[in-house]
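The lines below spell out each chain.
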Amino acid sequence: MDFLRPTTWEEALAAKADRPEAVPIQGGTDVMVELNFDVRRPAALLDLGQVAELRAWGMVGGFCRVGAGVPYTTIIEELGGPLPGLAQASRTVGSPQIRNRGSVGGNLGAASPAGDSHPPLLAADAVVEVESRDRGVRMVPATAFYLGVKRSALEPDELIRAVHVRPATGPQYFSKVGTRNAMVIAVCSFAIALHPGERRVGTGLGSAAPTPRRAYEAEELLARELDWQAPLDPALLRRFGELCAAAAAPIDDVRGTAAYRVHAIGVMARRTLTWAWNDHLGRRAA
Amino acid sequence: MRVNGAAESLDVEPWVSLLDALRDRLGVTGPKKGCDQGACGACTVLADGVRINACLALAVQYDGKEITTIEGLATGDDLHPLQAAFIRHDGLQCGYCTPGQICSAVAMLAEHRAGMPSAVTERSGELDEAEIRERMSGNLCRCGAYNGIVDAIKDVAGQEAR
Amino acid sequence: MTTKYAETEPRQDAVKHVGRPVDRVDGRAKTTGEARYAAEHRYPGMAHAALVHATVARGRIEAVDTEAARAVPGVIEVLTHENAPAMKPAPKTSLMNLSSLASGTTVSYLATDEVHWNGQPVAVVVAETPETARHAASLVRVAYRELPAVVDFAAEEPNASPQKSSVLQPAGGDKGDAVAALAAAPVSVDLRFTTPPEHHNAMEPHATIAVWDGDRLTVHEGTQNIAWLRAHLAQRFGIPERAVRVLSPYVGGGFGGKGFVWAGTLLAVLAARATARPVRLALTREGVYRTVGGRTPTVQRVALGADGDGDLTALIHTSVAMTARIGGMPEGVVSSSRHLYDAATIHLRQRLVRLDLLANTAMRAPGDSVGSFALESAMDELACELGIDPIELRRRNEPERNPMDGKRFTHRMLREAYEVGAERFGWRERDPRPGSMRDGRWLVGMGVATAYHPSLTMPADVTVRLAADGAVVVRCALQEIGVGAATVQAQITADELGVPLEAVRVEIGDSELPAGPGAGGSAQTAGAAAGVLDACRKLKESALALARRAPDSPLRGRRLDDLEARDGGLYHGGRGETYAAILARAGRDHLEAGGGTGMLKFLAKTLNERRRWVKAASGAHFCEVRVDRDTGEVRVSRWLGMFDVGRVINAKTAAGQLRGGIVMGIGMALTEATQVDPRTGRIMNPSLSEYHVPVHADIPRIDVHWLDEPDPTMPLGLLGIGEVGITGVAAAVANAVRHATGKRVLDLPITLDKLL
């Protein structure tokens, strides 16, 4: 096995272009499990830990550009203001030890339907910046990034550079149901983001389908019928929950039943919208 | 790599985890192997002061870094306050998760001092039992010594506050 | 009767160390990383082994392709049934030779092409590094001819056959006609419960280092039974017991999973012999699931009939559990129902199915932990039916003598446990109507259940040596799995000899030491204590005999029973002398004495006692849960356990044992289940990320207390405490959930979907 250790982004892209079979490793929280269990022993490992650019975030063109290697811990500490949904989700990823090493880039790379960062990225219209040496940069909307269980739109010669998320203009919430109180892979999860300027609400469902997904019909319902000045109409809230649940296409697995997941998505959709709405009205009053 | 203050030079294959390098190559066996997948926390060590699962880190990624394990916490015969508190409050039974618990607790107190919120943090920054439990949940204890561990950490956090 | 419940109020009588919350003597080693567990020893030339597991439940190996594995640089040997040296078959079990019970399975590994379970080791790779061994193991290709296999417990359950009784464990029994009484009962419940397979998940995965020196074998392994392991290895490898040394000073958790001898141990020893190298075989977590048995699943029926006042007229408790075709331990699932309630009629049956799975084994309170879930849930449901408080229902049916046979209890204080526990927990605040107590979106529920675990001891040989400088060394091959084995025996020794605790060193964990009892059945502490008491008494007799020879000794003419051991010597009132003075005068540098009971005498005494008495540790669990009314998430928010465990030796470690049992019980109640694929017999969640044990955030403050009344028949009056804590826990949670939600969950674990 070769161990490739680029120190700049250009070197990393070159290495990946030359060795498309090389497996990128950042914090190691996903790849190491496969190595330890000998699920695979790749021909080459591409250690991105030395590529300083990947561990930085900044504002670019009105978007918050979060480097693929920014650990969850940094998101929690520094990005709770602009990216509250992602920061909330980050607090629930694995354990503190994993949050110190794991990153959104790794979560995207693994493309597990249970990844905690996916729902808030979807709800906030995130765009994934990927790049290859030979074909340059592609900006892939999160909605188009997830293709299947552990499959993404990333090409073999590409690396994930960053995610771009517009700073929140309204309340965002993340909710997760697990079989225990912490250290848990989500049975299912849900994120909501209010975009008051556009009179629009974004959603994201996790562990509720082969890929993380949005509940489009539920979003359209709110875009159509939500009165942004008034208290939440209970009937509308209920329909929102139903449509979010209807967007789920889960399976039975060791963590939970499909029927339970559908139910819980509905509960979390109603809950997070209620919390977000209370904040929204509170902000207007203030 | 520096391990507990001493420079260690090591030639390992790229697939060797930091945990295996410490335990099998350097004979630093304080960090324990419980799951090899970041699910139990028994291997918790501090890398430049940050708590990580040594099983999920490649040794080669830690070239030049400062690694602190349970063996590096005491000063001579003087135990680290958390080590003493774990004994006093019986925050252990079989002892296998204990090095990881203590290393994790050392970093956890530092994180809290630095203002890091957790999943249960609402407004106040007080390190109450719920906060300690949430922040220590990356470290399993199958013997179920959780109450004693929380007491030990609370005790030390209280000493620090005074 | 006065009750002293005393975590915080130690007994103020003659004893000085027993009962106190003494710090562990090995606390420093365990908190500094100094304590070395089995896999952490190094030998020059040590090689590393990894297992290849079968992927079919039953069949024959048609071909093994080891070429790719052998080609990996650093691979030393690949052992399969085609080239492995032979081991002797597992011994026939006999109660006259308890170590014959040590076999985890009856399989002769790598001796034939037969596959008996999905996960059975079919090859062992030995290599220069652990990573190489693991990688090469993944390259071994095995072709199987599959044979029909019976692996689906649920489907097989109707075909179960009656379990056989043994001297120690009756499999059933009848008192009157419970079937008729149930039919005639004005109030009744009749419920069917299921519990899943579970795994111990001790934090330390099993690991063995095997070193051959000619025909002498040294083994490092964390085991719960040094004596059994030594005898078993001697038998399997055809060498005398004295040629085997087992070193096991620290055991990273056991819970039953390290009580028997499993494949990894045997294959490490085999690989070391085949390669003439010291070999380490450290199982992966998955390897533990594939090669070490877990708790049997069960299906149980509990039917209770009562008159309108809540007096039980019928108690029916039947069970189906598993063993494997290749071994396994039949569990006493309905055991609690023999002892807990004074029902007018009782009908008990246990049945078994035999499956093509890895053999099941003991896991913390085998039988009682799962049986108490069913019985104590059913009692709660009956209380609901009757509209009687569940504590009151238990009080009304509390027996004066053992319900099945009228034997006397040596000791029984369940009434007191409930009374004091209820007061401390605030049971009075409970509104009995289901769903009536709320806190925002949380439904609050309170439940109780009884804990009950039979007490026994096992024989131990102990030596105690007292040197002229005051140093005391106690030697016994005990196992430290977290209970504070050395600590509590040091306390007992210090009190018995009247020396400072710091003067006592207890040597454990080595088969060269006098044989100890296994750390199982909650029997280690009592068994070792009996040996320590005996040895200390003999040592004091020797000291007294020496003293009496001297004309000027103040002890002249005294008998030991008149003397008090204190201040490093023997005294009668203010007159006496120190051991140091006695030894100096006699020109001796030490005294040594051995204590213990021979196995035959022990068995005779045990059987004799069992004919007359029933003895057990017991207690009352009080649990408060919060259930999210929309998602069904259950949080245990409060716990109180009030126990009757006889005399407590160490208030700190005892509390830890009891809490530990409760924590494991909470896992059993809410999250734990080993998922076996019903088609292939393969465990689907063999990891700590998919098998969920409780984390810090799942466990609230657990109050444990005890009624500090010594049992009259046990050494120092102590009753074992390792297992009683878990019994009744799952029922207490289920009963609290029933109170919070109105839903009775009959199938463990109580997952989210079952509450919708």
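Every value quoted in this text rests on a predicted model; they were computed, and no experiment measured them.

Asks: Account for the overall build of chain C, naming residues and giving values.
Replies: On a plain count of helices and strands, chain C comes out with 17 helices and 30 strands. In terms of overall dimensions, chain C is globule-like: its C-alpha atoms have a radius of gyration of 27 Å, near the 27 Å expected for 756 residues. In terms of principal-axis extent, the alpha carbons of chain C reach across some 80 × 75 × 50 Å. Out of the 756 residues belonging to chain C, those deemed buried represent 62%. Counting only contacts in chain C whose residues sit at least 6 apart along the sequence, the fraction spanning at least 24 positions is 81%.

Asks: Account for the interface of chain B and chain C, with residues named and values stated.
Replies: Facing the 46 residues of chain B at the interface are 45 residues of chain C. Those elements giving two or more residues to the side of chain B that touches chain C turn out to be helix 1 (18-25), helix 2 (81-88), helix 3 (98-113), helix 4 (129-135) and helix 5 (146-161) of chain B. With four residues, helix 2 of chain B is the single largest residue contributor to the side of chain B that touches chain C.

Asks: Which residues make up the UniProt feature "domain: Aldehyde oxidase/xanthine dehydrogenase a/b hammerhead" (unreviewed entry) in chain C, and what values go with them?
Replies: If you check UniProt for "domain: Aldehyde oxidase/xanthine dehydrogenase a/b hammerhead" (unreviewed entry), the listed places come out as residues 32-148 of chain C in our numbering. Taken end to end, residues 32-148 of chain C is 12% helix and 30% strand, and its first and last C-alpha atoms sit 52 Å apart.

Asks: Could you give an account of the interface of chain A and chain B, with specific residues and numbers?
Replies: Contact with chain A, which involves 26 residues of that partner, is made by 28 residues of chain B. Elements with a minimum of two residues in the side of chain A that touches chain B: helix 2 (31-36), strand 3 (44-47), helix 3 (72-78) and helix 5 (96-101) of chain A. Here the side of chain A that touches chain B gets five residues from one element, more than from any other, and that element is helix 5 of chain A. Here the residues of the side of chain A that touches chain B sort into 12 nonpolar, nine polar and five charged.

Asks: For the domain arrangement of chain A, give the residues involved together with the corresponding values.
Replies: All names here are of chain A. One can read the domain layout of chain A as domain 1 (2-110 + 126-165) and domain 2 (172-285). Taking the mean C-alpha position of each, domain 1 and domain 2 sit 26 Å from one another. Taken together, the contacts link 12 residues of domain 1 with 11 residues of domain 2. Those elements that provide at least two residues to the side of domain 1 that touches domain 2 are helix 4 (84-91) and strand 8 (146-148).

Asks: Any chance you could break down the environment of tyrosine 72 of chain A for me, citing the residues and the numbers?
Replies: Residue and element names in this part refer to chain A. Structurally, tyrosine 72 can be placed in helix 3. Take tyrosine 72: there are 30 C-beta atoms within 10 Å of it, and that puts it in the buried class. Residues tyrosine 72 and proline 42 lie 30 residues apart in sequence; the distance between their C-alpha atoms is 26 Å. Setting aside residues up to four positions removed in sequence, tyrosine 72 forms contacts with Ser90, Val93, Arg99, Gly102 and Ser103.

Asks: I'd like a description of the sheet that holds strand 13 (residues 200-206) of chain A, backed by residues and values.
Replies: All names here are of chain A. Pairing in this open sheet of three strands is antiparallel, and the strands run 11-12-13 from one edge to the other. The open sheet terminates on both sides in strands that have one partner only, identified here as strand 11 (172-177) and strand 13. For this sheet, the mean inter-axis angle between neighbouring strands, taken without regard to orientation, is 10 degrees. In terms of strand pairing, strand 11 meets strand 12 (residues 188-195) through six bridges, oriented antiparallel. Its bridge partner lying in strand 12, lysine 176 is registered against serine 189.

Asks: Quick rundown of the pairing of strand 20 (residues 462-467) of chain C? Include the residues and the values.
Replies: All names here are of chain C. Judged from the six bridges that link them, strand 20 and strand 26 (residues 590-595) form a sheet pairing that is antiparallel. Looking across to strand 26, one finds that valine 464 is bridged to alanine 593. Pairing of strand 20 with strand 21 (residues 472-475) involves four bridges; the strand directions are antiparallel. Across the sheet, leucine 466 pairs through a bridge with valine 472, a residue of strand 21. The loop that links strand 20 with its antiparallel partner strand 21 comprises four residues; one of these, glycine 470, has a positive phi angle of about 95 degrees.

Asks: Account for helix 9 (residues 368-386) of chain C, naming residues and giving values.
Replies: Residue and element names in this part refer to chain C. Compared with the 27 Å implied by 1.5 Å per residue over 19 residues, the 26 Å span of helix 9 between its first and last C-alpha is a close match. By the criterion of burial, helix 9 is predominantly enclosed, with 17 of the 19 residues buried. Downstream of helix 9 by one or two residues, glycine 387 has phi in the positive range, about 70 degrees.

Asks: How would you summarise the sheet that holds strand 26 of chain C if you had to cite specific residues and measurements?
Replies: Strand pairing in a sheet relies on backbone hydrogen bonds, with the paired strands running either antiparallel or parallel. All names here are of chain C. One open sheet holds the four strands; their spatial order is 22-21-20-26, and the pairing between them is mixed. A single partner strand is all that each edge strand has here, and the edge strands are strand 22 (504-507) and strand 26. Between one strand axis and the next, the sheet turns through 15 degrees on average, direction left out of account. Where helix 12 (residues 485-497) meets the sheet, it contacts strand 20, strand 21 and strand 22, and its direction lies at approximately 135 degrees from that of strand 22.

Asks: Describe in detail the domain arrangement of chain C, supporting the description with residues and values.
Replies: Each domain of chain C was delimited in the assignment, giving domain 1 (1-12 + 407-455 + 615-756) and domain 2 (458-608). Here the residues of the side of domain 1 of chain C that touches domain 2 of chain C are counted per class, giving seven nonpolar, seven polar and one charged.

Asks: Tell me about the packing of helix 16 (residues 651-670) of chain C against helix 17 (residues 729-741) of chain C, and please be specific about residues and values.
Replies: All names here are of chain C. For the pair helix 16 and helix 17, interaxial distance at closest approach is 8 Å and the crossing angle is 55 degrees. One way to sum up the angle between helix 16 and helix 17 is to call them oblique. Note on packing geometry: the crossing formed by helix 16 with helix 17 is right-handed. Here helix 16 contributes Ile662, Gly665, Ile666, Met668, Ala669 and Leu670 to the contact with helix 17, which in turn contributes Val729, Ala730, Val733 and Ala734. Classifying every residue of the contact of helix 16 with helix 17 by side-chain character gives nine nonpolar, one polar and no charged.

Rules and cut-offs
Residues numbered from 1 in each chain as written. Chains lettered and ligands numbered in written order. Predicted model: local features only at pLDDT ≥ 70, side-chain atom pairs only at ≥ 80, totals over all residues. Helix = DSSP H or I, 4+ residues; strand = E, 2+ residues; numbered from the N terminus. Rg over C-alpha atoms; globule rule 2.2 N^0.38 Å. Buried ≥ 20, exposed ≤ 12 C-beta atoms within 10 Å, placed from the backbone. Contact = placed C-beta atoms within 7 Å. UniProt positions renumbered as here; feature names shortened; annotations may be inferred. Nonpolar A, V, L, I, M, F, W, Y, C, P; charged D, E, K, R; others polar. Domains from an automatic or database assignment. Pairing = 2+ DSSP bridges. Axes fitted to C-alpha atoms, helices over the stretch in contact; angles between N-to-C directions. Expected span 1.5 Å × (residues − 1). Parallel < 35°, antiparallel > 145°, perpendicular 65-115°, else oblique. Left-handed = near helix turned anticlockwise from the far one by under 90°.

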